[in-house]
Amino acid sequence: MERELDYDIVVIGCGVAGTAAALSAAESAKKIGRNLRIAILERTDYDHRGGNSRWTASYMRMKNIDEITDNFVEDMMAFSDHFSDREYIETLAENAGSTLRWVEEKGVEFDYLPTMFLTASRPRLLPVGGGRAIIDTLSRRAGGLGVEIIYEATAWKLLLDDEGAINGLMVRVKGGNSLQLKVGAVVLAAGGFQGNQEMMAQYVGRDAHKIRTVAEGGLYNKGEGIRMAMAIGAKGAGQFDAFHAEPVDPRSKREEAAVMTYPYAILVDKNGKRFVDEGVSTVDEQYEAVARKIFYDLPDHIAYMISDQKMYDIPNYERAIETDKPAIEADTLEELAVKIGVPADQLTATVEAYNAAVQPGEFHWDKKDGKQAVGINPPKSNWAITIDKAPFIAYPIVCSNVFTNGGLASDTNGRVLSQDDDVIPGLYVAGETAGLYYGKYPGGTSVLRGLVFGKRAGEHAASYVSSDKKLGV
């Protein structure tokens with residue numbers, strides 16, 4: 001005899017992972033002739049739904065919609081110093097193309113649209129309309145199959161039956177009241193914890209509260225999904241003291257206000273001194289390390305990009321400056337230093353030393369050109385052009401938090417694992433609530449894995465709640 005449930009499956013979070021999970025669960029139920037009650041819980045209202053996914057361009061590390069980039073698995077493993085779960089990554093690689101085709105079938109278009117990376121070592125496929133297009137499309141399709149979306153509702157506690165399987169969920173609704181739902185399975189797809197100052201301090205450390213989220217959506221990622229699961233014995237995965245970082249303009253309030261033209265310029269700290277090789281590699285492979293260095297190593301966690309009018313000669317430079325604030329300009333370096341609050345004598349000395357170190361050679365804006373600045377510390381490996389064509393320009397740059405790396409351990413079907421590596425029955429995880437990344441982030445993989453494992457988790461959850469054991473047969 002069937003148990004009376006409020007919902008067979010509840011998905012927590014309405015981003016790309018959550019909508020993929022809900023839709024795939026509904027499709028799977030339809031295929032096997034089951035009429036499952038499925039709901040998505042979203043802590044915000046309709047206009048703010050989707051967390052990080054709503055704001056992201058959704059870069060994907062794909063050669064085309066069917067093919068991952070070369071060395072996909074090995075790059076992801078190497079970037080993590082081989083701490084990441086290889087089987088999970090291999091599953092991602094094997095299912096990336098078919099999952100994107102599934103998303104395309106629902107009505108999302110993909111293309112090689114221009115990105116903010118003027119130099120890149122790996123191609124990037126993008127959905128037309130970004131992450132919001134994915135959310136809107138998948139949620140609309142899910143709604144057509146009967147999936148409910150409950151807004152302004154936050155899950156805060158998982159409940160277990162006598163055998164340790166998920167059977168309930170405590171939910172707090174707008175106004176503060178809490179209610180208990182009887183459920184068959186839960187998919188955690190509620191993002192990381194970058195919007196939780198206490199968890200940021202606990203895991204990332206001192207001054208973590210000063211790291212802004214890259215977009216408004218990150219503020220809604222409070223970490224409850226991770227904590228609820230850990231409270232019932234779930235295992236963690238991913239580097240909890242690290243996060244995916246991006247250099248942004250602190251003056252701007254818009255999402256992803258990135259400043260990615262710095263490889264053609266120099267970066268200085270508040271004392272007017274250089275601190276990094278700005279041209280060490282293509283910008284897509286080095287911007288995270290630069291952003292982290294700004295936060296962890298620099299006084300007041302701020303840097304300044306210093307350039308001149310030659311920056312405006314670089315084709316498509318506008319793509320690489322996503323801030324909506326104008327450059328700070330001055331006719332002399334001394335005036336520029338005053339405007340940005342940097343010692344004028346030191347900034348002038350830094351620029352003069354850099355100019356003197358620039359070597360002859362041909363400048364190529366779109367690839368590593370080997371045009372160096374040598375004899376200074378640090379050197380500059382590529383794109384070294386003098387700064388001498390007034391007016392001079394500056395952009396302030398700080399580190400932003402795109403998403404946190406620490407999350408829950410799961411198998412390749414998205415089932416959450418206990419500390420003993422057993423499956424917790426009825427509990428699934430996808431997207432940034434699942435821990436995967438260590439060390440350097442392999443760009444263009446987060447949204448991709450959210451879709452792949454959201455789809456897999458939804459399919460498996462539908463099978464699980466439809467099984468004879470769950471139905472009491």
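As a reminder, the structure under discussion sits directly above these lines.
Let me sum up the structure you'll find in this document. (Residues numbered from 1 in each chain as written. Predicted model: local features only at pLDDT ≥ 70, side-chain atom pairs only at ≥ 80, totals over all residues. Heavy atoms only, no water.)

As for the overall build of the protein
Argument step 1. Looking only at helices and strands, one finds 11 helices and 18 strands in the protein.
Argument step 2. The C-alpha atoms of the protein give 24 Å as radius of gyration, which agrees with the globular expectation for 473 residues (23 Å, within 12%).
Argument step 3. If you line up the protein on its principal axes, its C-alpha atoms span 80 × 45 × 40 Å.
Argument step 4. Burial analysis of the protein (473 residues in total) assigns 59% to the buried set.
Argument step 5. The contacts in the protein between residues at least 6 apart in sequence include a share of 75% that link residues at least 24 apart.
Argument step 6. Approximately 18,700 Å² of the protein is accessible, and the part contributed by carbon and sulfur atoms is 47%.
Argument step 7. For the protein, the distance from the average position of its 52 positive side-chain charges to the average position of its 67 negative side-chain charges is 2 Å. (Helix = DSSP H or I, 4+ residues; strand = E, 2+ residues; numbered from the N terminus. Rg over C-alpha atoms; globule rule 2.2 N^0.38 Å. Buried < 20%, exposed > 50% of the residue type's maximum accessible area, 1.4 Å probe, protein only. Contact = heavy atoms within 4.5 Å. Areas by Shrake-Rupley, 256 points an atom, 1.4 Å probe, with all protein chains shown as cover. Lys, Arg positive; Asp, Glu negative; His and termini not counted. Charge placed at Lys NZ, Arg CZ, Asp CG, Glu CD.)

Concerning helix H8 (residues 333-340)
Argument step 1. Those residues of H8 that fall on the buried side of the exposure criterion are Leu333, Leu336, Ala337 and Ile340. The buried residues of H8 occupy an angular sector of 100 degrees when projected down its axis, which confines them to one face. Counted as exposed and oriented over 90 degrees from the buried face of H8: Val338 and Lys339.
Argument step 2. The inward-facing, buried residues of H8 contact strand E13 (303-307), strand E14 (328-330), helix H9 (344-357) and strand E15 (392-404).
Argument step 3. Where H8 ends, the next residue or the one after it, glycine 341, has phi of about 75 degrees, a positive value. (Arc of directions from axis to C-beta.)

Re the nonpolar core
Argument step 1. Formed by 123 residues in total, the largest nonpolar core has its most connected members in Ile9, Met60, Leu169, Ile306 and Leu451.
Argument step 2. At 10 residues, helix H10 (residues 446-465) tops the list of elements feeding residues into this core.
Argument step 3. Among all residues touching leucine 169, those that are not within four sequence positions of it are Val10, Ile12, Leu41, Ala155, Lys157, Leu158, Leu159, Leu179, Gln180, Leu181, Val183 and Val186.
Argument step 4. One finds Leu126, Val259, Ile314 and Ile397 within the second-largest nonpolar core, a separate group that totals 31 residues. (Core = buried A, V, L, I, M, F, W, Y, C linked by side-chain atoms within 4.5 Å.)

A look at the packing of aromatic side chains
Argument step 1. Inspection of every chain in the model, using the stated rule, returns 15 aromatic pairs.
Argument step 2. Where tyrosine 46 meets tyrosine 151, the ring centres are 5.9 Å apart and the plane angle is 80 degrees; that geometry is what we call edge-to-face. Of the two residues, tyrosine 46 sits in the loop between strand E2 (38-42) and helix H2 (72-79) while tyrosine 151 sits in strand E5 (residues 148-151), which places them 105 residues apart along the sequence.
Argument step 3. Classification of tyrosine 46 by relative accessible area gives partly exposed; the value is 45%.
Argument step 4. Looking at tyrosine 151, the relative accessible area reads 25%, which means it is partly exposed.
Argument step 5. Aromatic side chains phenylalanine 403 and tyrosine 437 sit 5.8 Å apart centroid to centroid with 40 degrees between the ring planes, which places their arrangement in the tilted category. Placement of the pair is phenylalanine 403 in strand E15 and tyrosine 437 in the loop between strand E18 (423-429) and H10, with a sequence separation of 34 residues.
Argument step 6. Aromatic rings pair up to connect Tyr59, Phe117 and Tyr287 into one cluster.
Argument step 7. Sitting over the ring of phenylalanine 79, lysine 440 keeps its end group 4.5 Å from the ring centre. (Phe/Tyr/Trp six-rings, centres within 6.5 Å; stacked < 30°, edge-to-face > 60°. Lys NZ or Arg CZ within 6 Å of the ring centre and 35° of its normal.)

Some remarks on the pairing of strand E11 (residues 243-248)
Argument step 1. Counting buried positions along E11 yields 6 of 6 residues, so the element is predominantly enclosed.
Argument step 2. Pairing of E11 with E15 involves 6 bridges; the strand directions are antiparallel. In the sheet register, proline 247 faces E15, and the bridge partner there is cysteine 399. (Pairing = 2+ DSSP bridges.)

Thoughts on the environment of phenylalanine 240
Argument step 1. Positionally, phenylalanine 240 belongs in the loop between strand E10 (236-237) and E11.
Argument step 2. Separated by 16 residues in the primary sequence, phenylalanine 240 and glutamate 224 place their C-alpha atoms 15 Å from one another.
Argument step 3. Every residue in contact with phenylalanine 240, bar those within four places of it in the chain, is listed here: Phe193, Tyr203, Val204, Ile226, Met230, Gly406 and Gly407.

Details of the pattern of salt bridges
Argument step 1. Scanning all chains against the criterion turns up 29 salt bridges.
Argument step 2. A salt bridge links arginine 101 to glutamate 104; the nearest nitrogen and oxygen atoms lie 2.7 Å apart. Taken together, the positions of arginine 101 and glutamate 104, both in helix H3 (residues 86-105) and 3 residues apart, correspond to about one turn of that helix.
Argument step 3. Take glutamate 104: its relative accessible area is 32%, and that puts it in the partly exposed class.
Argument step 4. One salt bridge connects glutamate 285 with lysine 440, and the closest N-O pair in it is separated by 3.4 Å. With a gap of 155 residues between them, glutamate 285 in helix H7 (residues 283-297) and lysine 440 in the loop between E18 and H10 connect regions that are remote in the sequence.
Argument step 5. Given the relative accessible area of 14%, glutamate 285 is considered buried. (Salt bridge = Lys/Arg side-chain N within 4 Å of Asp/Glu carboxyl O.)

A few points about a negative patch on the surface
Argument step 1. Together, Glu329, Asp331, Glu334, Glu335 and Glu352 make up a region of like negative charge exposed at the surface.
Argument step 2. Tracing the backbone through its elements, the reader meets glutamate 334 in helix H8.
Argument step 3. According to the relative accessible area criterion, glutamate 334 is partly exposed, its value standing at 40%. (Patch = residues over 30% accessible without salt bridge, like charges linked within 9 Å, V, L, I, M, F, W, Y side chains within 5 Å.)

Structural notes on the side chain of threonine 99
Argument step 1. Within the element layout of this structure, threonine 99 appears in helix H3.
Argument step 2. Excluding its chain neighbours within four sequence positions, the residues that come into contact with threonine 99 are Leu451, Val452 and Lys455.

Some details on the packing of H2 against H3
Argument step 1. Interaxial distance between H2 and H3 falls to 9 Å at its minimum, and their mutual angle equals 145 degrees. Considering only the axes of H2 and H3, their crossing is right-handed. Contacts between H2 and H3 involve Phe72, Val73, Glu74, Met76 and Met77 from the first element and Arg86, Ile89, Glu90, Leu92 and Ala93 from the second.
Argument step 2. Split into classes, the residues belonging to the contact of H2 with H3 amount to 7 nonpolar, no polar and 3 charged. (Axes fitted to C-alpha atoms, helices over the stretch in contact; angles between N-to-C directions. Left-handed = near helix turned anticlockwise from the far one by under 90°. Nonpolar A, V, L, I, M, F, W, Y, C, P; charged D, E, K, R; others polar.)

From the geometry alone we can't say anything about function, so treat these as descriptive.
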